[in-house]
Amino acid sequence: DKVREEAGCHCSGWLRGHGIGSYFHGSPVIVPTTNDLDQGLMQPGMTFTVEPVLVENNDDTWEMLEDGWTLRTETAAWSAQFEHTVLITDTGHELLTGPTIDYKAVSAAAAKKASS
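Broken down by element type, the protein carries two helices and 10 strands. For the protein, the succession of helices and strands along the chain, N to C, is α-β-β-β-β-β-β-β-β-β-β-α. Principal axes of the C-alpha set define a box for the protein whose edges measure 45 × 35 × 25 Å. Looking at the protein residue by residue over its 116 residues, the buried ones come to 22%. Here the analysis covers contacts within the protein between residues at least 6 apart in sequence; of these, 55% occur between residues at least 24 apart. Accessible surface, the protein: about 8,300 Å² in total, of which carbon and sulfur atoms supply 56%. Counting 7 positive and 17 negative side-chain charges, the protein places the averaged centre of each group 11 Å from the other.

Okay, structure coming up:
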């Protein structure tokens with residue numbers, strides 16, 4: 001939430017993360033913002049995705065295109081979506097996707113470049 005706020009964006013509720021196993025898009029539902037949704041305790045071996053969609057200008061409008069897959073804002077606000085897959089382990093968790101990115105540093109560098 002802090003990085004999102006500093007970038008002047010909000011996290012849309014359009015898409016949410018999900019569990020992964022012998023099924024796809026299953027429980028638990030992973031809301032990508034601070035929330036009080038109680039779905040029980042994560043157990044070792046559980047795998048899920050975290051899929052925030054960041055949208056500029058607090059634009060919460062959306063429409064789905066005819067392809068049945070593509071979403072966009074009704075006002076053409078810029079948005080970005082990314083996904084991480086997380087495995088719960090006996091000692092904590094393991095990030096299964098990509099290198100960890102310092103999003104705060106990326107945001108600060110972009111802001112500095114934009115202001116110069």
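Structure's up, so let's keep going.
As for its placement among the helices and strands, Ser12 is situated in the loop between β1 (9–11) and β2 (17–20). Sequence-distant contacts of Ser12, that is, excluding residues within four places in its chain, are made with Pro32, Val53, Val55 and Asp60.

This brings us to the pattern of salt bridges. The full count for this structure, using the stated rule, is one salt bridge. A salt bridge links Arg72 to Glu63, with the nearest nitrogen and oxygen atoms 2.7 Å apart. Owing to a relative accessible area of 44%, Arg72 belongs among the partly exposed residues under this scheme. By relative accessible area, which is 28% here, Glu63 ends up partly exposed.

We now examine the sheet that holds β1. Taken in spatial order, the three strands line up as β1-β5-β8 in an open sheet, and their pairing is antiparallel. Each edge of the sheet is formed by a strand with only one pairing partner; in this case those strands are β1 and β8 (79–81). Sheet twist, expressed as the average angle between the axes of neighbouring strands with direction ignored, equals 20°. Where strand β5 (residues 53–56) meets β8, three bridges bridge the pair, whose relative direction is antiparallel. The residue of β8 that forms the bridge with Val55 is Ser79.

The next point concerns the sheet that holds β2. Read from one edge of the open sheet, five strands run β3-β2-β4-β9-β10, paired in antiparallel fashion. If you trace the sheet from one side to the other, it starts and ends with β3 (24–30) and β10 (92–95), each paired once. For this sheet, the mean inter-axis angle between neighbouring strands, taken without regard to orientation, is 35°. Both strand β9 (residues 84–89) and β10 contribute to a ladder of four bridges, which runs antiparallel. Looking at β10, one finds that Leu87 is bridged to Glu94.

Criteria and thresholds
Residues numbered from 1 in each chain as written. Predicted model: local features only at pLDDT ≥ 70, side-chain atom pairs only at ≥ 80, totals over all residues. Heavy atoms only, no water. Helix = DSSP H or I, 4+ residues; strand = E, 2+ residues; numbered from the N terminus. Buried < 20%, exposed > 50% of the residue type's maximum accessible area, 1.4 Å probe, protein only. Contact = heavy atoms within 4.5 Å. Areas by Shrake-Rupley, 256 points an atom, 1.4 Å probe, with all protein chains shown as cover. Lys, Arg positive; Asp, Glu negative; His and termini not counted. Charge placed at Lys NZ, Arg CZ, Asp CG, Glu CD. Salt bridge = Lys/Arg side-chain N within 4 Å of Asp/Glu carboxyl O. Pairing = 2+ DSSP bridges. Axes fitted to C-alpha atoms, helices over the stretch in contact; angles between N-to-C directions.

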